[in-house]
Amino acid sequence: MIDGVYKIEDVFTRDQREKLIEDSQPLLMDGEELSKHMCASGHPDYGVGYQQGFNWYMVTHPTVHLHSGFEWGHQIILSKIKEKTGKDYEIQKSWMGVSNGDNGTLVWHNHKTCDYVGVYYMKMFPFFSNGTLFKDYGLVKAKENSLLLFPSHLDHSTPSSPLRFKRQCWSVNLKYASNT
């Protein structure tokens, strides 16, 4: 395992995970639609890869942490992270995305404006390209209903796949809490 990377398994109960998947569906939009919303609102992330209107990817606004219907889920994620790391974090951004493995070229990126990134794997195709691909380390595998926590400076991407299956993840950008 890479230094500073944590894997947390069995984050939610089956019913909780299924509720998250169901409740997130109305919030998902393609890249073109999200770009329009971000441009109209003057959002600072406008133009950072969303303008293509990806046909292989759907995503929510990066403000799921402000949505009261998901507060309970964020609390569970933060408590599991504290249990694993012994540290308190605050959520800076939170979003959910669905991909089908057809991302053509890998989209390497990092999240240097925060301290850590958490990726929760909500729905996965069993036994195939599950996890996050790191530019300098390769694929770090993760099972459905697990969370991968890693330092924000690490370049990473959603892995591609020759099979077209839906993969749904929930990502959070985390800052160290002011009391730690």
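Everything numeric here is computed off the predicted structure, so don't read it as measured data.

1. Comments concerning the overall build of the protein
Then, in step 1: Check the secondary structure of the protein and you find three helices and 10 strands.
Then, in step 2: Its helices and strands in sequence order give the protein the pattern β-α-β-α-β-α-β-β-β-β-β-β-β, from N to C terminus.
Then, in step 3: Expressed as a percentage of its 180 residues, the buried residues of the protein come to 46%.
Then, in step 4: Restricting the contact set of the protein to residue pairs at least 6 apart, pairs at least 24 apart contribute 80%.
Then, in step 5: Summed over all atoms, the accessible surface of the protein reaches about 9500 Å², with 50% contributed by carbon and sulfur.

2. A short note on the packing of aromatic side chains
Then, in step 1: In the structure shown here, the tally under the stated rule is eight aromatic pairs.
Then, in step 2: Their ring planes at 90° and their centres at 4.9 Å tell us that F134 and F150 sit as a pair that is edge-to-face. With F134 in strand 6 (residues 131-134) and F150 in strand 8 (residues 147-151), this residue pair connects regions lying 16 residues apart in the sequence. With respect to class, F134 is no different from F150; both count as buried.
Then, in step 3: Put simply, the rings of F12, F70, W72, Y120 and W170 touch in pairs and so form one group of aromatic residues.

3. A short note on the pattern of salt bridges
Then, in step 1: Under the counting rule described, the total for this entry stands at five salt bridges.
Then, in step 2: Here E18 and R14 are joined by a salt bridge, their closest N and O atoms 3.2 Å apart. In this pair, E18 and R14 both sit in helix 1 (residues 14-24), four residues apart, roughly one turn of the helix.
Then, in step 3: Given the relative accessible area of 59%, R14 is considered exposed.

4. Here's the deal with the sheet that holds strand 7 (residues 138-141)
Then, in step 1: A sheet is described by the order of its strands in space; here three strands give the open sequence 7-6-9, paired in antiparallel fashion. Strands at the two margins of the open sheet, each flanked by one partner only, are strand 7 and strand 9 (156-157).

5. Thoughts on the environment of I77
Then, in step 1: Note that I77 resides in helix 3 (residues 71-85).
Then, in step 2: Note on I77: relative accessible area 2%, which makes it buried.
Then, in step 3: Put simply, I77 and L147 are 70 residues apart on the chain and 8.3 Å apart in space, counted from C-alpha to C-alpha.
Then, in step 4: Not counting the four nearest positions on each side in its chain, I77 is found in contact with V11, F12, L147 and W170.

6. Some points on the environment of D30
Then, in step 1: Take D30: it is sitting in strand 2 (residues 29-30).
Then, in step 2: Sequence-wise, D30 and G97 are 67 residues apart; in three dimensions their C-alpha atoms are separated by 9.6 Å.

7. Considerations on the sheet that holds strand 5 (residues 116-123)
Then, in step 1: Ordered by their spatial adjacency, seven strands build an open sheet running 1-8-5-10-4-3-2, and the pairing between neighbours is antiparallel. Edge positions in the open sheet fall to strand 1 (6-8) and strand 2, since each of these has one partner strand only.
Then, in step 2: Both strand 2 and strand 3 (residues 57-59) contribute to a ladder of two bridges, which runs antiparallel. Its bridge partner lying in strand 3, M29 is registered against V59.
Then, in step 3: Along the sheet, helix 1 makes contact with strand 4 (89-99), strand 5 and strand 10 (167-176), crossing strand 5 at roughly 95°.

8. Considering helix 3
Then, in step 1: Across its 15 residues, helix 3 extends 21 Å between first and last C-alpha, which sits within 8% of the 21 Å expected from 1.5 Å per residue.
Then, in step 2: Buried residues of helix 3: G73, H74, I76, I77, L78, I81 and T85, and no others.
Then, in step 3: Looking at the packing, one finds that the buried side of helix 3 touches strand 1, helix 1, strand 4, strand 8 and strand 10.
Then, in step 4: Of the residues flanking the end of helix 3, it is G86, one or two places downstream, whose phi is positive at about 80°.

What counts, and where the lines are drawn
Residues numbered from 1 in each chain as written. Predicted model: local features only at pLDDT ≥ 70, side-chain atom pairs only at ≥ 80, totals over all residues. Heavy atoms only, no water. Helix = DSSP H or I, 4+ residues; strand = E, 2+ residues; numbered from the N terminus. Buried < 20%, exposed > 50% of the residue type's maximum accessible area, 1.4 Å probe, protein only. Contact = heavy atoms within 4.5 Å. Areas by Shrake-Rupley, 256 points an atom, 1.4 Å probe, with all protein chains shown as cover. Phe/Tyr/Trp six-rings, centres within 6.5 Å; stacked < 30°, edge-to-face > 60°. Salt bridge = Lys/Arg side-chain N within 4 Å of Asp/Glu carboxyl O. Pairing = 2+ DSSP bridges. Axes fitted to C-alpha atoms, helices over the stretch in contact; angles between N-to-C directions. Expected span 1.5 Å × (residues − 1).

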